[in-house]
Amino acid sequence: VQFVESGGGMVQPGGSLRLSCTGSGFTFSNYDLMWVRQAPGKGPEWVGVSVTGGSTDYLDSVKGRFTISRDNAKNTLYLQMNSLKPEDTALYYCARKEDLPTILTTQTYWGQGTQVTVSS
C-alpha cells in the first residue's frame, strides 16, 4: 500500500487549497479512505472520510469548510479546503480508514504527506 499526497503550500488565513492523494497497491474503490493531519508536536488528528457508498463525514472543526471527494478511475482522493485558519496548519496524509488505529497508536503513515501552512 502506498499513497502520494500533493497540493500543499502556504496560504493566508481565509485562503483555499486542494490536496490530492493517489493510492496504489490495493483496490482503491473497495476502501473507505480518509484524510489525517498532524501538527508539529501533536498527535494524528482524523479530518474526514470518504465511504465507498459515496457518503462523507468530517471533523466538527472543518465541517462546512473542507470537502472530500474521490475519483476511483484515477485512484485519487481529494481534499478541498476553504476558509483556512492558522489552526489547520499541519502535515496532511491520506490513508485507508481501517488503518486509523495503527496511525493513532504508532504514527505510521503510508505516504510522505503534504504540508499545509496557514499564516499571515
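Remember, predicted model here, so these are calculated numbers, not experimental data.

Analysis parameters
Residues numbered from 1 in each chain as written. Predicted model: local features only at pLDDT ≥ 70, side-chain atom pairs only at ≥ 80, totals over all residues. Heavy atoms only, no water. Helix = DSSP H or I, 4+ residues; strand = E, 2+ residues; numbered from the N terminus. Rg over C-alpha atoms; globule rule 2.2 N^0.38 Å. Buried < 20%, exposed > 50% of the residue type's maximum accessible area, 1.4 Å probe, protein only. Contact = heavy atoms within 4.5 Å. Areas by Shrake-Rupley, 256 points an atom, 1.4 Å probe, with all protein chains shown as cover. Lys, Arg positive; Asp, Glu negative; His and termini not counted. Charge placed at Lys NZ, Arg CZ, Asp CG, Glu CD. Polar contact = N/O pair within 3.5 Å; in protein donor to acceptor, adjacent residues only side chain to side chain. Salt bridge = Lys/Arg side-chain N within 4 Å of Asp/Glu carboxyl O.

**Student:** So, the overall build of the chain: which residues are in play, and what are the values?
**Tutor:** Helix and strand counts for the chain come out as 1 helix and 10 strands. For 120 residues, the compact-globule estimate of 2.2 N^0.38 gives 14 Å, and the C-alpha radius of gyration of the chain, at 13 Å, lies within 12% of that figure. Among the 120 residues that make up the chain, the fraction classed as buried is 42%. Within the chain, residue pairs in contact and separated by at least 24 positions form 56% of the contacts whose partners lie at least 6 positions apart. Total accessible area on the chain stands at roughly 5,900 Å², and carbon and sulfur atoms take up 47% of it. Separation of charge centres in the chain, based on 10 positive and 10 negative side chains, amounts to 4 Å.

**Student:** Go over the side chain of Arg37 with me, naming the residues and quoting the values.
**Tutor:** Tracing the backbone shows Arg37 in strand S4 (residues 33–38). Looking at Arg37, its side chain comes within polar contact range of the side chain of Tyr92, at 3.0 Å.

**Student:** Quick rundown of the pattern of salt bridges? Include the residues and the values.
**Tutor:** The full count for this structure, using the stated rule, is 6 salt bridges. The closest approach of N and O atoms between Asp88 and Arg65, which form a salt bridge, is 2.7 Å. One end of the pair, Asp88, is in the loop between strand S8 (76–81) and strand S9 (90–96); the other, Arg65, is in the loop between strand S6 (56–58) and strand S7 (66–71), and 23 residues separate them in sequence. Its relative accessible area of 10% is what places Arg65 among the buried residues. Two residues, Arg96 and Asp99, come together in a salt bridge whose shortest N-O distance is 3.2 Å. In this structure Asp99 comes out as buried when scored by relative accessible area, which is 10%.

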